[in-house]
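# Structural overview
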Amino acid sequence: MSVADYVSLSGVTRRWDGRGGVEDVSLRVPAGTFTSILGPSGCGKSTLLRLISGLERPQAGTVRIAGRDVTHEPASARGLAMVFQSYALFPHLSVRENILFGLRVRRSAAAEREARYAEAVAMLGLEGLGGRRPAALSGGQRQRVALARAVVSGHRLCLMDEPLSNLDAKLRQSVRRDIRALQRRLGLTVIYVTHDQTEAMSLSDQVVLMRAGRVEQAGSPVALYERPATAFAAEFVGDPPMAMIDGAALGEPGVTVGVRPEHLAAAPAGAGDLAGRIVGVEYLGSRTLLAIGHPAARGLVVSLPGRVAHAPGETLGLVAPPEHRLRFDARSGRALGGAGPDGGGRTGPGSAPDLARRPGPSP
Amino acid sequence: MSDPAEMMRRRRAVHGWLLLSPALILLATFAFAPSAMTVWTSLFSRGTRRRPSEFVGLETYQRLFDDPAFWTVAWNNLLYAAVTIPVSMALALTMALWANARMPARGFLRTAYFTPTMLPMIAAANLWLFFYTPGFGVLDQLVTGLGFASVNWLGQPETALWAICAVTIWKEAGFFMIFYLAALQTIPPDLEEAASIEGASRLAYTRRVVLPLLAPTTLFIAVNATINSVKLIDHLFILTKGGPSDASKLMLYYIWENAFAFFDAPAAAAATVLVLAALGGLAAFQFRVADRRIHY
């Protein structure tokens, strides 16, 4: 383990009656980086965060924070802050008392408390709200109070459990930027749980994609997007997701071929590698998404710039350029070496050679 | 009549009264009218065949205040309230915090705590009569078994009221616990987790988060306990009948005696009016203080 790893998990397992939870997860989070734990609901990502926080204890494996083995220490002794999905603000306390709660119970000096409070309030734009109760705040303000409570604690590690899921779409974007700016400014190590791949991709230095309690792939957003290790990762990351085409239809039997929507090109009917019927047209302003029905493909979407003159029901030819095809074993779903940008390797900054990963079955 | 706004206003008024009427009728029949009649009765003298009742103003009240038994009973009731209310509430809170913790046999514990509440007061009193009886009572056997002298808990003025208090506390704590337990379960578990991440001990969490969040429940229970400290006298009939020498007599028992043993309706009515006034004032005070200090 390198010194720079602020949090490291090895072989951590926590299951309930042999089901759910996480199994044999190893993970490294370098200091001062932003790591997202991404996955569909029920994949164990929240359990993983709770295991790091100490709200849950592992049945096997070790958790180290700042080089210290904290596997058997309670949450309060681990020196971390946490932002909950529900914000978990104390309803009977004012904004000020909520933010200062931790400093008060830990009996820090009044002068230090005031200084840190003033700093956190200024940083999060909560001036003038100190006397209000959480019930009198908007969702975005509550979110910021929860962040201020984490900031004021002064801990170097901050865990966030889907902190944006209770905000509306517009606010989510601006708070997302705020969180990232805050993390950079304070040099925090952040572990951030989300099911929203856009959030994970836009925020993170490292994305840990989970599936059924195990790490499917860990790496930089670029690595996940360009070199997915499995068909599951390829389909989970990206919006709209990667199209999966039975290789036989493209003259490559035995493999599943994945192509990103932006790499598919339209061709006149009859030309191109595939031909399918347009089943849906989504006009998004800068681009138009055409959903194509084809018996050998799943999630076939073409992204074309601007507005296009196609209507549902038309037949469209598609070109899947060989240099943009990612190949996955049709049975195991594992990426195969080949024409991908660099052969499906996993070389993100946070990925570790000992990373546990299951050769998941083809979805 | 043809003005539509006026029609609308009338219809709304009619609807309002219709919605109000069930509660109004019930309260008027069973609460307001009897209260008013009690006040009325207390202002008249006791009627006999020879001397029909006549208006005497506040004379009955004067008679009450001159009666030393009234003051003994009032003092008893005050002591009884001062002991049973805080003790049963503290016990209820402790039991609720315990029964709310994650532990095995939690369901059994809750049931056990609640059992005294399900027992009718008369049955509970008989049970305790068995505990208290000198000679073969459980308590006495315990005391004499340890080498102490036998105590007639219910039969001597020094202990009778405390023996009555014990029964009330035993009966009420389980009932109040249910309210606390219900309130505890509305506190999101997130809060405890957030507090523990912030470094708060269990004690700090309880003191800074749980107790303030239970405040509305505490107020509700306090009001109920206050009312019960006047209302709950069933066990007196079984255990002491207010004796010995009024040592364990409570206000409602005194009123009952006046009304149905001595057939002195005006005295009973006057005492009732005083109790009502005291309770009303107390409830108003509790809610007023609470409104300023409690977060709902």
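Further up the page is the structure itself.
These notes cover the structure that comes with them. A quick note: this is a predicted structure, and the numbers were derived from the prediction, not measured.

Parameters and conventions
- Sequence order as written defines residue numbering, which begins from 1 separately in each chain.
- Chain labels run from A onward and ligand labels from 1 onward, assigned in the order the entries are written.
- Under the rules for a predicted model, residues below a pLDDT of 70 receive no local features and side-chain atom pairs below 80 are neither given nor counted, while totals for whole chains, interfaces and linings still include all residues.
- Side-chain metrics in this entry use all non-hydrogen atoms of the structure; hydrogen atoms and water are not considered.
- Only DSSP runs of H or I reaching four residues or more are called helices, and only runs of E reaching two or more are called strands; each is numbered from the N terminus.
- Here the globule rule reads 2.2 Å times residues to the power 0.38, and the radius of gyration is calculated from C-alpha atoms.
- Burial here depends on accessible area, computed with a 1.4 Å probe over protein chains only, as a share of the maximum for the residue type. Under 20% is buried, over 50% is exposed, and the range in between is partly exposed.
- By definition in these notes, contact holds between two residues if any of their heavy atoms fall within 4.5 Å.
- Accessible surface is estimated by sampling points in the Shrake-Rupley manner with a 1.4 Å probe; for residues, cover comes only from the protein chains shown.
- When charges are counted, neither His nor the chain ends are considered; positive counts come from Lys and Arg and negative counts from Asp and Glu.
- We put the charge of a Lys on NZ, of an Arg on CZ, of an Asp on CG and of a Glu on CD.
- To get an axis, a line is fitted to the C-alpha atoms, and for a helix only the part in contact is used. The angle between two axes follows their N-to-C directions and goes from 0 to 180 degrees.
- Under the grouping applied here, Gly and all other residues not named as nonpolar or charged are polar, the nonpolar ones being Ala, Val, Leu, Ile, Met, Phe, Trp, Tyr, Cys and Pro and the charged ones Asp, Glu, Lys and Arg.
- The cut-offs work like this: below 35 degrees is roughly parallel, past 145 is roughly antiparallel, 65 to 115 is roughly perpendicular, and the gaps in between are oblique.
- Crossing chirality is assigned from the near helix's rotation relative to the far helix, an anticlockwise turn below a right angle marking it left-handed and a clockwise turn marking it right-handed.
- Centres within 6.5 Å are what make two rings of Phe, Tyr or Trp a pair, Trp counting through its six-membered ring; a difference in plane orientation under 30 degrees is then read as stacked, over 60 as edge-to-face, and the rest as tilted.
- Note on geometry: a ring has a charge over it if NZ (lysine) or CZ (arginine) is within 6 Å of the ring centre and within 35 degrees of the ring normal.
- Any two strands with at least two DSSP-identified bridges between them are counted as paired.

## A closer look at the overall build of chain B
Broken down by element type, chain B carries 12 helices and 0 strands. Reading chain B from its N end, one meets helices and strands in the order α-α-α-α-α-α-α-α-α-α-α-α. The C-alpha radius of gyration computed for chain B amounts to 25 Å, which surpasses the reference 19 Å derived for 296 residues by more than 25%, pointing to a less compact arrangement than a globule. Reported as C-alpha extents along the three principal axes, the dimensions of chain B are approximately 75 × 70 × 30 Å. Residues classed as buried in chain B amount to 40% of the 296 residues present. Pairs at least 24 residues apart make up 67% of the contacts formed inside chain B by residues separated by at least 6 positions. For chain B, the computed accessible surface area is about 17000 Å², with 70% contributed by carbon and sulfur atoms. Put simply, chain B has 22 plus and 18 minus side-chain charges, and the middle of one group is 6 Å from the middle of the other.

## Points about the packing of helix α3 (residues 68-100) of chain B against helix α11 (residues 251-261) of chain B
Any two packed helices are characterised by the angle at which their axes cross and by the distance between the axes. Residue and element names in this part refer to chain B. At a minimum axis separation of 8 Å, α3 and α11 run at an interaxial angle of 145°. Touching Ala69, Phe70, Val73, Ala74 and Asn77 of α3 are Met251, Leu252 and Tyr254, all from α11. The residue makeup of the contact of α3 with α11, split by class, is 7 nonpolar, 1 polar and no charged.

## Focus on the packing of helix α7 (residues 157-185) of chain B against helix α9 (residues 202-231) of chain B
All names here are of chain B. Two elements in contact, α7 and α9, have axes whose closest approach is 10 Å; the angle formed by their N-to-C orientations is 150°. Considering their axes alone, α7 and α9 lie roughly antiparallel with respect to each other. In this structure, α7 crosses over α9, and the sense of that crossing is right-handed. On α9, the residues that touch Glu172, Phe176, Phe179, Tyr180, Ala183 and Leu184 of α7 are Val210, Leu214, Thr217, Thr218, Phe220, Ile221, Asn224, Ala225 and Asn228. In terms of residue class, the contact of α7 with α9 is made up of 10 nonpolar, 4 polar and 1 charged.

## Digging into the packing of aromatic side chains
For the structure on display, the rule yields 20 aromatic pairs over all chains. Put simply, the rings of B:Trp128, B:Phe130, B:Phe131, B:Tyr132 and B:Trp170 pair up and form one aromatic cluster. The aromatic ring of A:Tyr117 is capped on one face by A:Arg96, whose charged end is 4.8 Å from the ring centroid. The ring of A:Tyr225 has A:Arg260 sitting right over it, with the charged end atom 3.9 Å from the ring centre.

## Regarding the sheet that holds strand β7 (residues 157-161) of chain A
Residues and elements named next belong to chain A. The 6 strands are arranged β6-β7-β8-β3-β9-β10 in an open sheet whose pairing can be described as mixed. The open sheet has two edge strands with one neighbour each: β6 (80-83) and β10 (214-219). Ignoring which end each strand starts from, the neighbouring axes of this sheet average 15° apart. Taken together, the 5 bridges between strand β9 (residues 206-211) and β10 define a ladder with antiparallel strand orientation. Bridging from a neighbouring strand, Leu209 pairs with Gln217 of β10. Strand contacts of helix α5 (residues 169-186): β3 (34-38), β7 and β8 (189-194), with the helix running at about 140° to β3, the strand carrying the most contacts.

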